[in-house]
Amino acid sequence: MENERPTAPRTVRLDARQVRTLAHPLRMRLLGTLRVDGPATATTLAGKLDTNTGATSYHLRQLAEVGLVTEDPDRGTGRQRWWRAAHDISNLEPTDFDDDPDARAAVQWIQADQVRLLAEQAERWMAVAHGYSRQWRDAAGMSDVLLRLGPARLRALNDEVWQLLQRYRDEPVADEPEAESVLFFLAAFPRVEEGR
């Protein structure tokens, strides 16, 4: 088992219909939870996300209609329907939707939701960081750097960083007693002066 190569992540390039469907707070949380925690029933997801089973079931079906989640028939027993994420990674190019105002608005909402998630996760970490070891507190954090790049070099930088992240994701977990799941957010965009 140790020498087993990790399987390549299942990736989807989102189309306009998927983007419009995904641009919903509960649907984003459902898909994210299935990706992180694995297959679950609507009841289990409702409990984790503090919502009701009816809403959870409805939104899972909406995600399934566009191929973002799928039933897990190997786990289903009787009336229990298990759901799993159909992909590990969602990709999109915002310019794919230049001619579709609804999809363009959905992409903007999804990106804003990612920023909200980053802020929420950072606040959660800061609230409990004092309880972590010195090594964790020194390793975790945020920083920024101002670079002068054109779009081609920015794309190359993002691609290179993404490859590095994939390498760390695919490497076997080192024998580190304090190993935990770590969120890594990647954001790069032109600095826009206030009033511009």
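This text gives an overview of the structure that appears in the document. (Residues numbered from 1 in each chain as written. Predicted model: local features only at pLDDT ≥ 70, side-chain atom pairs only at ≥ 80, totals over all residues. Heavy atoms only, no water.)

Our focus in this paragraph is the overall build of the protein. Across its full length, the protein holds seven helices and five strands. When the elements of the protein are put in sequence order from the N terminus, they spell out β-α-α-β-α-α-β-β-β-α-α-α. Once the C-alpha set of the protein is aligned to its principal axes, its extents read approximately 55 × 50 × 35 Å. Taken across its 196 residues, the protein has 24% of its residues classed as buried. Considering only contacts in the protein between residues 6 or more positions apart, those separated by 24 or more positions represent 64%. Carbon and sulfur atoms make up 50% of the accessible area of the protein, which amounts to about 14,600 Å² in all. For the protein, the separation between the mean place of its 26 positive charges and that of its 31 negative charges on side chains is 3 Å. (Helix = DSSP H or I, 4+ residues; strand = E, 2+ residues; numbered from the N terminus. Buried < 20%, exposed > 50% of the residue type's maximum accessible area, 1.4 Å probe, protein only. Contact = heavy atoms within 4.5 Å. Areas by Shrake-Rupley, 256 points an atom, 1.4 Å probe, with all protein chains shown as cover. Lys, Arg positive; Asp, Glu negative; His and termini not counted. Charge placed at Lys NZ, Arg CZ, Asp CG, Glu CD.)

Considering the arrangement of structural elements, one finds histidine 59 in helix H4 (residues 53-65). For histidine 59, a relative accessible area of 10% corresponds to the buried category. At 2.9 Å, the side chain of histidine 59 forms a polar contact with the side chain of arginine 27. Once residues lying within four places of it in the same chain are set aside, the contact partners of histidine 59 are His24, Leu26, Arg27 and Leu30. (Polar contact = N/O pair within 3.5 Å; in protein donor to acceptor, adjacent residues only side chain to side chain.)

What follows deals with the environment of tryptophan 82. Counting through the fold element by element, tryptophan 82 comes out in strand E4 (residues 82-85). Of the residues examined, tryptophan 82 reaches a relative accessible area of 22% and is grouped as partly exposed. Distance in space between the C-alpha atoms of tryptophan 82 and proline 39 is 6.3 Å, their sequence separation being 43 residues. Within polar-contact distance, the side chain of tryptophan 82 engages the backbone oxygen of arginine 75 at 3.3 Å.

Before going further, it helps to spend a moment on the sheet that holds strand E2 (residues 40-41). If you walk across this open sheet you meet the three strands as E2-E4-E3, and the pairing is antiparallel. The open sheet has two free edges, formed respectively by E2 and strand E3 (69-71), since each of these has just one partner strand. Alignment of E2 against E4, held across two bridges, turns out to be antiparallel. Across the sheet, threonine 41 pairs through a bridge with tryptophan 82, a residue of E4. (Pairing = 2+ DSSP bridges.)

What follows covers the packing of aromatic side chains. Taken as a whole, this structure holds two aromatic pairs when the rule is applied. Ring geometry for tryptophan 125 versus tyrosine 132: centroids 4.9 Å apart, planes at 65°, classification edge-to-face. Overall, the relative accessible area of 26% leaves tryptophan 125 in the partly exposed class. Its relative accessible area of 27% is what places tyrosine 132 among the partly exposed residues. An angle of 80° between the planes, with centres 6.3 Å apart, marks the rings of tyrosine 132 and tryptophan 136 as edge-to-face. (Phe/Tyr/Trp six-rings, centres within 6.5 Å; stacked < 30°, edge-to-face > 60°.)

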